[in-house]
Amino acid sequence: MMLQQLFGIELPIIQAPMAGMQDHALAVAVSNAGGLGSLPCATLSLDGMRKELDLLKAKCKKPFNVNFFCVAPPAPSAEREAAWRAALQPYYAEYAIDAGSIPAGAGRGSFNAAATDILDEFKPAVVSFHFGLPSAELMARVRAWGSKILSSATTVDEARWLEAHGIDAIIAQGVEAGGHRGNFLSDDLTTQIGTLALLPQIVDAVKVPVIAAGGIADAKGVAAAIALGAAGVQVGTAYLLCPEATTSAVHRAALKSDSARHTALTNLFTGRPARGIVNRLMRELGPVSTAPPAFPLATSAIAPLRAKAESLGSGDFSPLWCGQNPSGCKEIPAAQLTRELALGVR
Ligand SMILES: Cc1cc2nc3c(=O)[nH]c(=O)nc-3n(C[C@H](O)[C@H](O)[C@H](O)COP(=O)(O)O)c2cc1C
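Basis of the calculations
- Residues numbered from 1 in each chain as written.
- Predicted model: local features only at pLDDT ≥ 70, side-chain atom pairs only at ≥ 80, totals over all residues.
- Heavy atoms only, no water.
- Buried < 20%, exposed > 50% of the residue type's maximum accessible area, 1.4 Å probe, protein only.
- Helix = DSSP H or I, 4+ residues; strand = E, 2+ residues; numbered from the N terminus.
- Pairing = 2+ DSSP bridges.
- Near = heavy atom within 4 Å.
- Polar contact = N/O pair within 3.5 Å; in protein donor to acceptor, adjacent residues only side chain to side chain.
- Areas by Shrake-Rupley, 256 points an atom, 1.4 Å probe, with all protein chains shown as cover.
- Nonpolar A, V, L, I, M, F, W, Y, C, P; charged D, E, K, R; others polar.
- Salt bridge = Lys/Arg side-chain N within 4 Å of Asp/Glu carboxyl O.
- Phe/Tyr/Trp six-rings, centres within 6.5 Å; stacked < 30°, edge-to-face > 60°.
- Core = buried A, V, L, I, M, F, W, Y, C linked by side-chain atoms within 4.5 Å.

Some thoughts on the pairing of strand β3 (residues 64-69)
And then number 1: Among the six residues that make up β3, six are buried, leaving the element largely enclosed by the rest of the structure.
And then number 2: Burial along β3 is two-sided: the residues Phe64, Val66 and Phe68 and Asn65, Asn67 and Phe69 are all buried.
And then number 3: As paired elements, strand β2 (residues 37-40) and β3 share four bridges and run parallel to each other. When the bridges of β3 are listed, Gly37 appears paired with Phe64.
And then number 4: As defined by bridge partners, β3 adjoins strand β4 (residues 126-130) across five bridges and the pair is classed as parallel. Its bridge partner lying in β4, Asn67 is registered against Ser128.

Below, the structure written as structure tokens:
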């Protein structure tokens, strides 16, 4: 089935949910332009989620997607937290930050029963998950009110697993993609391959529609994905400079500079691999390291360093999420970008 029919949208262009870098405004702009806007909930409290959904529903009468991370909460380990703070100690000293004052905490939330209760009030057309799927019980609740369910696959095995678990469409996330890798069956980063290689293999392996993600930045990229069998695309990085995104000033400056061409996968900011522009922390401690505690516990110890550095105009300690193809980043309204991308759909 075509993505347009499946979701009730006009253009098979999904604006990727980007936790921490957007709120309802970007989703409203894209959905109202005929694409599928997404609201990421991973960094929102339950109250914050309800507020954002209220605003989204008030400003947009078209289908939209609500996105969640799906990871079992890790058991906090005092030993690993201490080791992580020890690795960061030289930076705390440099910025005169009292490490003893930093609360331990998660920094990212996962889908759970309380979030399902709130979602039930809104019954969005589409719900997407990253890092696999929630329990069968929560899946059944989401399905019962009619939402279509999506999740990312980073390997053919993950795509087959998602199809076997009743997914409506699969996002084939190539290793070029900005932000977190959606891998959930294996932590082995050597399994992660590019969109051009991954997409046709997933299209061959499953019957459900496949959405291409990773490195798609313009209409030609959209046309290429469709030529390889994609039913639509999910684009993240290209939307980061749109005025409706909440991308920080240091992040915007980095995206506009030559440094955006050098990205890497790093686990330093959250504990899971994600692609961002190589910055000081990644150069000096990683980009991939055994020091950070399990996802998402690495986040809180970095937070004061990030805040201090950003207040001084530096992105040295910020997750500057960005895919390998930043060439589509333009300071144009998200509706215009959506329409430009859709020119690749014939
Ligand atoms: C800034 C940023 C934040 C992201 N946050 C999320 C998220 O919260 N949930 C999610 O499912 N995917 C997230 N992603 C990954 C996207 O869903 C998508 O796979 C990726 O943006 C596609 O590649 P591209 O960035 O090259 O367009 C994020 C990507 C970026 C760039």
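Remarks on the site of the ligand
And then number 1: By nearness alone, 22 residues border the ligand, and Pro17, Asn67, Gly215, Gly236 and Thr237 come closest of all.
And then number 2: Taking Ala19, its main chain carries an N or O atom lying 3.0 Å from an oxygen atom of the ligand.
And then number 3: A distance of 3.3 Å separates an oxygen atom of the ligand from a polar atom in the backbone of Gly214.
And then number 4: When isolated, the ligand has an accessible area of 590 Å², and the protein chains bury 99% of it.
And then number 5: Among the secondary structure elements, those contributing two or more residues to the shell around the ligand are β3 and β9 (232-235).
And then number 6: Partitioned by chemical class, the residues of the shell around the ligand number 12 nonpolar, 10 polar and no charged.

What about the pattern of salt bridges?
And then number 1: A complete count under the given rule lists 13 salt bridges for this structure.
And then number 2: As a salt-bridge pair, Asp168 and Arg143 come within 3.5 Å of each other at their nearest N and O atoms. Taken together, the residues span a long stretch of sequence, with Asp168 in the loop between α7 (156-164) and β6 (169-173) and Arg143 in helix α6 (residues 136-144) at a distance of 25 residues.
And then number 3: What makes Asp168 buried here is its relative accessible area of 15%.
And then number 4: Between Asp258 and Arg261 there is a salt bridge, with the nearest N and O atoms lying 3.4 Å from each other. Residues Asp258 and Arg261 agree in their burial class; the two are exposed.
And then number 5: A cluster of three or more residues bridged by salt bridges with shared partners is formed by Asp117, Asp120, Lys123 and Arg141.

Side note on the packing of aromatic side chains
And then number 1: Per the counting criterion, the structure on display carries 10 aromatic pairs.
And then number 2: Between the aromatic rings of Phe69 and Phe295, the centroid separation amounts to 6.0 Å while the plane-to-plane angle is 50°, which identifies the pairing as tilted. One end of the pair, Phe69, is in strand β3; the other, Phe295, is in the loop between α11 (280-285) and α12 (299-311), and 226 residues separate them in sequence. With respect to class, Phe69 is no different from Phe295; both count as buried.
And then number 3: Here the aromatic rings of Phe269 and Trp321 are separated by 5.8 Å at their centres, their planes lie at 90°, and the arrangement is edge-to-face. On the criterion of sequence distance, the pair formed by Phe269 in the loop between β10 (263-266) and β11 (274-277) and Trp321 in the loop between α12 and α13 (334-342) is long-range, its members being 52 residues apart. Neither residue differs from the other here; Phe269 and Trp321 are each classed as buried.
And then number 4: Grouping aromatic residues by their ring pairs yields a cluster made of Phe68, Phe111 and Phe129.

As for the pairing of β9
Residues in a regular strand point their side chains to alternate faces of the sheet.
And then number 1: What you see with β9 is no split at all: Gly232 and Gln234 on one side and Val233 and Val235 on the other are buried throughout.
And then number 2: Where strand β1 (residues 13-15) lies against β9, three bridges are found, and the strand directions are parallel. Within β9, the position partnered with Gln15 by the bridge is Val235.

Let's talk about the nonpolar core
And then number 1: By size, the foremost hydrophobic cluster in this structure holds 92 residues, and its most contacted members are Phe68, Ile202 and Tyr239.
And then number 2: Ile9, Val126, Leu150 and Ala169 belong to the second-largest nonpolar core, a separate cluster that totals 12 residues.

Comments concerning the sheet that holds β10
And then number 1: Pairing within the open sheet is antiparallel, and its three strands lie in the order β7-β11-β10. Edge positions in the open sheet fall to β7 (179-180) and β10, since each of these has one partner strand only.
And then number 2: Judged from the four bridges that link them, β10 and β11 form a sheet pairing that is antiparallel. Bridged to Thr263 within β11 is Ile277.

Things to note about unusual backbone geometry
And then number 1: For the peptide bond that leads from Gly286 to Pro287, omega is 10°, which places it in the cis range.
And then number 2: Residue placement: Pro287 occurs in the loop between α11 and α12.
And then number 3: The omega torsion across Phe295 and Pro296 is -5°, close enough to zero to call that bond cis.
And then number 4: Summarising the element assignment, Pro296 is placed in the loop between α11 and α12.
And then number 5: Of note in the backbone geometry, Phe131 takes a positive phi value of approximately 75° without being a glycine.

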